[in-house]
Amino acid sequence: MSTALTDFMQEVKTKSPGESEFHQAVEEVVESLLPVLDKHPEYRKAKIVERLVEPERVIMFRVPWTADNGDVRVNRGYRIEFNSAIGPYKGGLRFHPSVTLSILKFLGFEQIFKNSLTTLPMGGGKGGSDFDPKFKSKNEIMRFCQSYMSELFRHIGPNTDVPAGDIGVGGQEIGFMFGQYKKLRNSFDGVLTGKGLTWGGSLIRPEATGFGVVYFASEMLNTRGESLEGKTVAVSGFGNVAWGAVTKVNELGGKVVTLSGPDGYIHDADGITGDKVEYMLELRASNQDIVEPYAEQFGVEFVPNKHPWEVKCDIALPCATQNELNGEDAQNLLDNGCLCVSEGANMPTTPDAARLFLDSEILYGPAKAANAGGVAVSGLEMSQNSMRMSWSRDEVDSHLHRIMKNIHQSCLDAAEKYGLPSNYVAGANIAGFTKVADAMLAQGVV
Ligand code: NDP
Ligand code: 2IT
């Protein structure tokens, strides 16, 4: 590590002690930016990077609610309003027991660059709670969402901050939160994305992240004269993003052979198609967070407590959670001849695994570029809300496809410009950063 980076990281760690995921995300981005800072002394002079790593605002609050048995429970709610240089804060809400300030700061920080890459006017934000939806009744989830929104509503708005879903937050939770926001504000606003189709939602939003991950993989494969057709694909996770990715791989002629949950992975050598894809939705809705029932239902192999990356595949799509693909997993993928990794989850690859990918020939699409399709269609939902119109499925999908192609090209161009051809990690960081940095420069020291 260069001295400049070590010194910078030391300062970040001193200011935000114990936030290991946030440190990991910052280090990866800032390392890529050093050549840009050398070429642009104006960014250094205006302390753009020092300002970028400090959220504009962090909101933390108590979320009390009552369980079905009458017990009072208390969770912690958060919203990190990270950067509004190019648009209102935008990013998902995560409800999961592992949520901490560090996790949400890493996600909010990544979101700044991801949103910039989409070319749409959205700043970066993220929020959520350590609430665990597992085994909660629908009424408990509703009361929790209402309590969470009873505080959040005063901080958000269609031109201020527009949350959406993430792990543990899907259409149902967005509905409960939207209802509470509308009641408190007495205003029907496009204040959340991922809404239902009859009340301001956009077609394709549920599929968008997974579709985008696969479009990005296709673009990377194209650079080598390859395509998805006939390829074997390993997917991790079984939630919203994994479901969208499986659907699009099937459409493009690939075969998905794995899914995973916190309990292990399933290996379905015949491919996850038809009813099996529908079954993924049932698994997710069961609120039990296990994939083993898939193996029982369809008579396939279940491998407990392991990652799917030991299965031979041409393409790997990690779609579960952060740091789910480690050095050993990366080595397994490389040894098995994997051609391409496109990240659906945010920061799924540990730094040592990312290093192995970058030092090899594998096509490696980092999350902030590869999974930007979700937030891109959220941006399109905001546009439709502002115009009070709804676009057709084909219209939204073609916008999404075009945006993913543009992101891919921007990454390649930025990487090439700084002498790092085909390095999508550097390309995504540099292209995402430049637009935000120029906007911050133009707006003065605020
Ligand atoms: P969902 O809640 O729909 O699904 C996530 C699933 O992955 C959960 O069932 C979760 O189980 C499971 N999971 C968590 N940890 C692991 C693990 N270690 N191994 C295997 N499975 C695990 O969330 P999404 O599909 O929306 O999100 C998945 C990833 O995609 C996250 O990293 C998210 O940040 C990212 N993402 C999501 C976008 C969106 O629009 N939804 C957009 C861009 C990125 P459990 O709860 O038990 O841990
Ligand atoms: O990580 C992400 O990009 C998301 N969870 C989607 C955010 C959004 O505002 O749609």
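The shown structure was predicted, so the numbers you read here are calculated from the model rather than taken from an experiment.

*Asks:* Which residues make up the overall build of the chain, and what values go with them?
*Replies:* Along its length, the chain carries 17 helices and 12 strands. For the C-alpha atoms alone, the extent of the chain along its principal axes is close to 60 × 50 × 45 Å. With 446 residues in all, the chain has 57% of them scored as buried. Accessible surface, the chain: about 17,700 Å² in total, of which carbon and sulfur atoms supply 50%. Side chains of the chain give 43 positive and 56 negative charges; the mean places of these two sets differ by 8 Å.

*Asks:* Describe the packing of aromatic side chains, and please don't skip the residues or the numbers.
*Replies:* Within this structure, the stated rule accounts for 21 aromatic pairs. Pairing Tyr 294 with Phe 298 gives two aromatic rings, centres 4.8 Å apart and planes at 55°, and the pair type is tilted. With Tyr 294 and Phe 298 both in helix H11 (residues 292-298), this residue pair falls four residues apart, about one helical turn. Pairwise contacts between aromatic rings join Phe 61, Trp 65, Phe 95, Phe 131, Phe 144 and Tyr 148 into one cluster. Its end group placed over the ring of Tyr 418, Lys 39 keeps NZ or CZ at 5.1 Å from the ring centre. Over the ring of Phe 131 we find Lys 136; its NZ or CZ atom is 5.5 Å from the centre of that ring.

*Asks:* Lay out the environment of Pro 262 in plain terms, naming residues and giving numbers.
*Replies:* Examined against the element boundaries, Pro 262 turns out to sit in the loop between strand E7 (255-261) and strand E8 (264-267). On the basis of relative accessibility, which here comes to 68%, the residue Pro 262 falls in the exposed class. In the structure, Pro 262 is positioned 43 residues away from Asn 305 in sequence and 7.4 Å away in space, judged by C-alpha atoms. If we ignore the near neighbours within four places in the chain, the residues touching Pro 262 are Phe 238 and Asp 289.

*Asks:* With reference to specific residues and values, describe the sheet that holds strand E1 (residues 57-66).
*Replies:* Paired through backbone hydrogen bonds, the strands of a sheet run either parallel or antiparallel to each other. Taken together, the five strands give an open sheet; going across it, the order is E1-E2-E4-E3-E5, and neighbouring strands pair in mixed fashion. What marks the edges here is a single partner per strand, and that holds for E1 and strand E5 (161-164). Pairwise comparison of adjacent strand axes, ignoring direction, gives a mean angle of 20° for this sheet. As paired strands, strand E3 (residues 89-95) and strand E4 (residues 123-129) are joined by five bridges and run parallel to one another. Bridge pairing in E4 places Leu 93 opposite Gly 127.

*Asks:* Break down the packing of helix H15 (residues 373-387) against helix H16 (residues 393-417) for me, with residues and values.
*Replies:* Their axes nearest at 10 Å, the elements H15 and H16 cross at an angle of 130°. Taken together, the axes of H15 and H16 lie oblique to each other. Considering how the two elements wind past one another, H15 and H16 form a crossing that is right-handed. When H15 is examined against H16, the residues Gly 373, Ala 376, Val 377, Leu 380 and Gln 384 are found in contact with a partner set consisting of Val 396, His 399, Leu 400, Ile 403 and Met 404.

*Asks:* Can you tell me about the sheet that holds strand E9 (residues 301-304), naming the residues and giving the values?
*Replies:* Across the sheet, which stays open at both edges, the seven strands sit in the order E9-E8-E7-E6-E10-E11-E12 with mixed pairing between neighbours. Because the sheet does not close on itself, it has two edges, and the strands there are E9 and strand E12 (363-365). Each strand axis lies, on average, 15° off the axis of its neighbour in the sheet, ignoring direction. Bridge count between strand E10 (residues 315-318) and strand E11 (residues 340-342): two bridges; the pairing is parallel. Bridge pairing in E11 places Ile 315 opposite Cys 340.

*Asks:* Please provide a residue-by-residue account of the side chain of Lys 195, values included.
*Replies:* Note on placement: Lys 195 falls in the loop between helix H7 (171-185) and helix H8 (205-222). Here the side chain of Lys 195 touches Leu 192 through a polar contact of 2.6 Å, landing on its backbone oxygen. Look past the residues within four positions of Lys 195 in its chain and what remains in contact with it is Ile 174, Phe 178, Gly 190, Gly 200, Gly 201, Ser 202, Glu 381 and Asn 385.

*Asks:* If you had to explain the site of ligand 2 to someone new, which residues and values would you point to?
*Replies:* The environment of ligand 2 is made up of 14 residues, and the closest members are Lys 90, Lys 114, Asp 166, Arg 205 and Ser 378. Lys 90 is positioned with one of its side-chain polar atoms (N or O) 2.7 Å from an oxygen atom of ligand 2. Relative to its unbound accessible area of 300 Å², ligand 2 is 94% covered by the protein chains. Those elements giving two or more residues to the shell around ligand 2 turn out to be E3, helix H5 (101-117) and H15. Taken together, the residues that form the shell around ligand 2 break down as two nonpolar, seven polar and five charged.

*Asks:* If you had to explain the nonpolar core to someone new, which residues and values would you point to?
*Replies:* As a rule of thumb, nonpolar side chains are buried together in soluble globular proteins. Val 235, Ile 266, Leu 317 and Ile 407 are the most contacted members of the largest nonpolar core, which has 59 residues in total. The element best represented in this core is H8, accounting for nine residues. Not counting the four nearest positions on each side in its chain, Ile 266 is found in contact with Val 257, Thr 258, Leu 259, Ile 272, Val 291, Tyr 294, Ala 295, Val 300, Glu 301 and Phe 302. With 42 residues, the next largest nonpolar core counts Tyr 43, Leu 52, Ala 85 and Tyr 418 among its residues.

Cut-offs used in this document
- Residues numbered from 1 in each chain as written.
- Chains lettered and ligands numbered in written order.
- Predicted model: local features only at pLDDT ≥ 70, side-chain atom pairs only at ≥ 80, totals over all residues.
- Heavy atoms only, no water.
- Helix = DSSP H or I, 4+ residues; strand = E, 2+ residues; numbered from the N terminus.
- Buried < 20%, exposed > 50% of the residue type's maximum accessible area, 1.4 Å probe, protein only.
- Areas by Shrake-Rupley, 256 points an atom, 1.4 Å probe, with all protein chains shown as cover.
- Lys, Arg positive; Asp, Glu negative; His and termini not counted.
- Charge placed at Lys NZ, Arg CZ, Asp CG, Glu CD.
- Phe/Tyr/Trp six-rings, centres within 6.5 Å; stacked < 30°, edge-to-face > 60°.
- Lys NZ or Arg CZ within 6 Å of the ring centre and 35° of its normal.
- Contact = heavy atoms within 4.5 Å.
- Pairing = 2+ DSSP bridges.
- Axes fitted to C-alpha atoms, helices over the stretch in contact; angles between N-to-C directions.
- Parallel < 35°, antiparallel > 145°, perpendicular 65-115°, else oblique.
- Left-handed = near helix turned anticlockwise from the far one by under 90°.
- Polar contact = N/O pair within 3.5 Å; in protein donor to acceptor, adjacent residues only side chain to side chain.
- Near = heavy atom within 4 Å.
- Nonpolar A, V, L, I, M, F, W, Y, C, P; charged D, E, K, R; others polar.
- Core = buried A, V, L, I, M, F, W, Y, C linked by side-chain atoms within 4.5 Å.

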